[in-house]
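One-letter residues, chain by chain:
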Amino acid sequence: MLWSLIKIILFVALVAALAWGAGYLLEAQGGVQVTVMGYEYSFGPLQSVIAVAVLLLAVWVVLKLLGLLLVIWKVLNGDETAWSRYRARNRERRGFEALSEALMALASGEGRVAMAKAQKADGLLNRPAVTNLLTAQAAELAGDRKKAEETYRKLVEDERTRFVGVRGIMKQKLAQGDTDTALKLAEKAFALKPKHEETGDTLLRLQAEKEDWAGARRTLSTKLKNGHLPRDVHKRRDAVLALSQAREVIAEGNSIEAREAAIEANRLSPDLIPAAVMAAHGYIDQGKPRYAARVLTKAWSVQPHPDLAAAFAAIEPDEKPAARHKRFQALLKSRPEHPETKMLKAELLIAEEDFPGARRALGDLVESDPTARSVTLMAAIERGEGASDTVVKGWLARALTVPRGPAWICDNCHHIHSDWKPICENCHSFDTLEWKVPPTSEVALPGGVSMLPLIVGALEEGRPDRAPDAGGIEEAELVEDPSQPGSKEAEGTK
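Below you will find a few notes about this structure.

### Description of the pattern of salt bridges
Right, so step 1: Summed over all chains, the structure comprises 24 salt bridges.
Right, so step 2: The residue Lys117 makes a salt bridge to Glu101 at a minimum N-O spacing of 2.9 Å. Linking Lys117 in helix H4 (residues 111-124) with Glu101 in helix H3 (residues 82-107), this pair joins segments that are 16 residues apart in sequence.
Right, so step 3: Take Lys117: its relative accessible area is 26%, and that puts it in the partly exposed class.
Right, so step 4: Residue class for Glu101 comes out partly exposed when judged on its relative accessible area of 38%.
Right, so step 5: A salt bridge links Asp201 to Lys223; its shortest N-O distance comes to 2.6 Å. Of the two residues, Asp201 is situated in helix H9 (residues 197-209) and Lys223 in helix H10 (residues 213-225); the sequence distance between them amounts to 22 residues.
Right, so step 6: For Asp201, a relative accessible area of 35% translates into the label partly exposed.
Right, so step 7: It is possible to trace a salt-bridge network through shared partners that takes in Glu149, Arg153 and Lys173.

### Quick look at a positive patch on the surface
Right, so step 1: A contiguous patch of positive charge on the surface is contributed by Arg87, Arg91, Arg94 and Lys120.
Right, so step 2: Looking at the positive patch element by element, the count peaks at three residues for H3.
Right, so step 3: Examined against the element boundaries, Arg94 turns out to sit in helix H3.

### Structural notes on the pairing of strand S3 (residues 407-410)
Right, so step 1: Alternating positions in S3 separate into two faces, Ala407 and Ile409 on one and Trp408 and Cys410 on the other, with burial throughout.
Right, so step 2: Note that S3 and strand S5 (residues 433-436) share four bridges and pair antiparallel. Its bridge partner being in S5, Trp408 is matched across the sheet by Trp435.

### What about the packing of aromatic side chains?
Right, so step 1: In this structure the tally under the stated criterion is three aromatic pairs.
Right, so step 2: When the ring of Tyr283 is compared with that of Tyr291, the centres are 5.4 Å apart and the planes differ by 25°; the resulting orientation is stacked.
Right, so step 3: Residue Tyr291 is classed as partly exposed on the basis of its relative accessible area of 41%.
Right, so step 4: Centroid distance Trp408 to Trp435: 5.4 Å. Interplanar angle 65°. Geometry classified as edge-to-face. Residue Trp408 is found in strand S3, and its partner Trp435 is found in strand S5; the two are separated by 27 residues along the sequence.

Basis of the calculations
Residues numbered from 1 in each chain as written. Predicted model: local features only at pLDDT ≥ 70, side-chain atom pairs only at ≥ 80, totals over all residues. Heavy atoms only, no water. Salt bridge = Lys/Arg side-chain N within 4 Å of Asp/Glu carboxyl O. Helix = DSSP H or I, 4+ residues; strand = E, 2+ residues; numbered from the N terminus. Buried < 20%, exposed > 50% of the residue type's maximum accessible area, 1.4 Å probe, protein only. Patch = residues over 30% accessible without salt bridge, like charges linked within 9 Å, V, L, I, M, F, W, Y side chains within 5 Å. Areas by Shrake-Rupley, 256 points an atom, 1.4 Å probe, with all protein chains shown as cover. Lys, Arg positive; Asp, Glu negative; His and termini not counted. Charge placed at Lys NZ, Arg CZ, Asp CG, Glu CD. Pairing = 2+ DSSP bridges. Phe/Tyr/Trp six-rings, centres within 6.5 Å; stacked < 30°, edge-to-face > 60°.

Any functional reading would require information that these geometric values do not contain.
Structure below.
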C-alpha cells in the first residue's frame, strides 16, 4: 500500500518536472545554430532538445543495423551466434524430452518405444554414453540381442563406459549359454572395477563352474579385501574351494598334494564335513590315525554325519565288532541325543549281535522321528531277535513311506543331491548345500494305505499299525544291508 503511494507520488513528480522543463524551454531565449555545407539552421531551445533526441535515436538505429549485418555475415560464415545458440538450446530441450520419454517407456516395459525414443535422443543430444546405454537396455527389453550387443560394443570403445559395455556383453553371453566367453569378460570387468560386488559374484560362480579353483580363491580374497564378504563367510568358502582343489589333485593322482590341500581345507573350516573326511583319509594314508580321529571327532561334535562315521571306521578297517564299538565311544559320547548318534550306536550293537541293546540305543526314534534308515534298523533288530517274516516285512514296508532322512539340500533351490558338491547341480549356486531334512510331501498310493496290511499280512500285537506294501522286498536285502541302502556307517560297522 505504501509502495503504491510512493510510486504515484514519483510519477506525478516526474510529469511535473517534464512540464516545468518544457515550459522553461518555451520561454527561454536564444537557441542553437548549425551550419552544414553552407546552409545555416537555427533551432530554439525546445527544438534543440528534440533534435538531439532524434539524433541519438538515429545513431541507435544505425548501430542496430550494423549489428544485424554483422550477424548475417557470421551466419553466412558458420560462426556461433545468438540464433545458433537458440537453436542449440531448443535442440537440447527436445533431446532431453525424448530421453525422459525413453526412460519412462523403459520403466513401463515398452522396449520398442524406449528404443525409438533413445535413438531420437541420440540424434538430438551429443551424449553417446547415456543414449547408447539406454538403447542397449531397451534392445534387451525388446529381445533384440544383436542390437544390444552392438550398442554395448560402442560403450566398450569409450574409456568412461568401458566397464558398463563389458558387463553388458558378459550378460548377453551368459544368456546365450556361452560361459567360456562370459568368464573372460567377467575377468576383464572385475579387473576394471574390482569393487563391483555383482561382477565379483558372477566371476566366482563361473570360475567354480569351470573348476578354476585357484582363480576362484584369488577372486574370493579380493572380495574379502574390498569388504564384500564377512571374514567367517570367506573362511568357509575358501575351505570349500580348497576342498574342491584337493579333489581335483586326487583325480590327477598327486596324493601328497591332495593330502596337504585336504588338511588345509579342514583347517580353514573344521565343521565342513567333506573336508574333515578327506583330511582324515589323508592322515590315515600318512599313518597318523590319532590325527584322523581327532579331526573326525571335532567335526562330529559340530554335525554328526554318516560320512564321518564311515571315515572313523576306516581308521581300523579290520577290527572286531567289540573293539570297534569301544573305539567308537569317542564319537558316541559326543552329541549322544542326536539321531545320528543313536543310529550309529544301534548299528554297532547289531554288528555285535546285541539286538536288545540296539533296540535300547534306538529308543523311541522310530516313533518320534522315523526315517527310512531308523525303521530299516528296526527291521534288522526284529530279524536278529527272531521275529516272523511278516513283522520284518512290515517294518521294511513302513520304511518306504517315512521320510528318507537328512540329505545334501541346496538352500537356494532345495534340490536334493546324493553327495556333497561345491556347486548345486540344479541352480549352479556356490556353497549352498546343507545337510538337513528335505521338505516332506504326501505320497498317494493306489488303493489307499488302509488296505496295505491285507497285502503284507496281519501284524502281531504291539507292532507298527501301518504296513504298506513291501513292494517285492526280499529277505536277502535285510541280510545284505541291515540299514538304509547307501548308509556308510553300516558298511563300516559290519
